[in-house]
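# Geometric and topological summary
Read off the chains here:
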Amino acid sequence: MEYQDFINAVAARAKVSTDQAATLTRSTLQTLAYRISAGQAEDLAYQLPDGLAAHLSRPLGGEMAAPFGFEEFVRRVGDDPDVDRALAGAAVPAVLTTLREAVTRDEFENAAAQLPKEFWQAIEPVSAGGGPHLAS
């Protein structure tokens, strides 16, 4: 998936402009990078276009994943000074759903295994013949 296709998909799902979608995507991916292991974040980044991959990197020394739930995840995205806090709740599921479409099924499931079930209940179901449906 190309960068602009990813951003357009997030914009459509979250019902925001593409500029807002780009900001929300950046903040969501950066927050995800701190929620999953550094190795898993790197594996996801490897499958994304450069404009998105960089958001999944952590500063040196940040190897451990921080254990927090979905509500805290959304709060952290909303705390980003560039993000409209009111949009974070719709944006996080939109970005995670688009991420699921942008990477391989195995890679997405490896990342999903590091997150509580509540994350995956927020993701849109996949259409028939698509990737994983982890909200069961």
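Please refer to the structure higher up on the page.
What comes next concerns the included structure. (Residues numbered from 1 in each chain as written. Predicted model: local features only at pLDDT ≥ 70, side-chain atom pairs only at ≥ 80, totals over all residues. Heavy atoms only, no water.)

Let us look at the environment of Ser37. If you trace the backbone, Ser37 turns up in the loop between α2 (18-35) and α3 (38-46). By relative accessible area, which is 24% here, Ser37 ends up partly exposed. Separated by 29 residues in the primary sequence, Ser37 and Ala66 have C-alpha atoms spaced 8.5 Å apart. (Helix = DSSP H or I, 4+ residues; strand = E, 2+ residues; numbered from the N terminus. Buried < 20%, exposed > 50% of the residue type's maximum accessible area, 1.4 Å probe, protein only.)

What follows deals with the pattern of salt bridges. Counted according to the given criterion, the structure contains eight salt bridges. Arg26 is the partner of Asp82 in a salt bridge, and the nearest nitrogen-oxygen pair spans 3.4 Å. Residue Asp82 is found in the loop between α5 (70-79) and α6 (85-102), and its partner Arg26 is found in helix α2; the two are separated by 56 residues along the sequence. Arg26 sits in the buried class, given a relative accessible area of 17%. (Salt bridge = Lys/Arg side-chain N within 4 Å of Asp/Glu carboxyl O.)

Residues Ala38, Gln40, Ala41, Leu44 and Ala45 constitute the buried set of α3. On an axial view of α3, the arc spanned by its buried residues comes to 160°, and they lie on one face. Residues Glu42 and Tyr46 are exposed on α3 and point more than 90 degrees away from its buried face. (Arc of directions from axis to C-beta.)

This brings us to the packing of helix α1 (residues 3-14) against α6. Remark: α1 packs on α6, axes separated minimally by 9 Å, with the N-to-C direction vectors making an angle of 140°. One element, α1, and the other, α6, form an angle in the oblique class. The interaxial crossing formed by α1 with α6 has right-handed handedness. Residues Phe6, Ala9, Val10, Arg13 and Ala14 of α1 form the contact with α6, whose own contacting residues are Ala90, Ala91, Ala94, Val95, Thr97, Thr98, Leu99, Glu101 and Ala102. (Axes fitted to C-alpha atoms, helices over the stretch in contact; angles between N-to-C directions. Parallel < 35°, antiparallel > 145°, perpendicular 65-115°, else oblique. Left-handed = near helix turned anticlockwise from the far one by under 90°. Contact = heavy atoms within 4.5 Å.)

Okay, the packing of α3 against helix α7 (residues 105-112) next. Two elements in contact, α3 and α7, have axes separated by 10 Å at closest approach and are oriented at 155°. Viewed along their axes, α3 and α7 adopt a mutual orientation that is roughly antiparallel. As α3 runs across α7, the sense of the crossing is left-handed. Packed against α3, whose contacting residues are Gln40, Asp43 and Leu44, the element α7 presents Glu107, Asn110 and Ala111 at the interface. Here the contact of α3 with α7 is built from residues that sort into two nonpolar, two polar and two charged. (Nonpolar A, V, L, I, M, F, W, Y, C, P; charged D, E, K, R; others polar.)

This part covers the packing of aromatic side chains. For any pair of aromatic rings, geometry is given as the distance between the ring centres together with the angle between the planes. Tallied over the full model, the rule gives three aromatic pairs. Summarising the aromatic geometry, the rings of Phe68 and Phe73 are spaced 6.2 Å apart at their centres and angled 35° between planes, so their arrangement reads as tilted. Exposure class is identical for Phe68 and Phe73. Each is buried. When the ring of Phe70 is compared with that of Phe119, the centres are 5.4 Å apart and the planes differ by 85°; the resulting orientation is edge-to-face. One end of the pair, Phe70, is in helix α5; the other, Phe119, is in helix α8 (residues 117-121), and 49 residues separate them in sequence. (Phe/Tyr/Trp six-rings, centres within 6.5 Å; stacked < 30°, edge-to-face > 60°.)

With 18 residues, α2 extends 25 Å between its outermost C-alpha atoms, agreeing within 8% with the 26 Å of an ideal straight helix rising 1.5 Å per residue. Residues of α2 that are buried sit in contact with α1, α3, α4 (50-53), α5, α6 and α8. (Expected span 1.5 Å × (residues − 1).)

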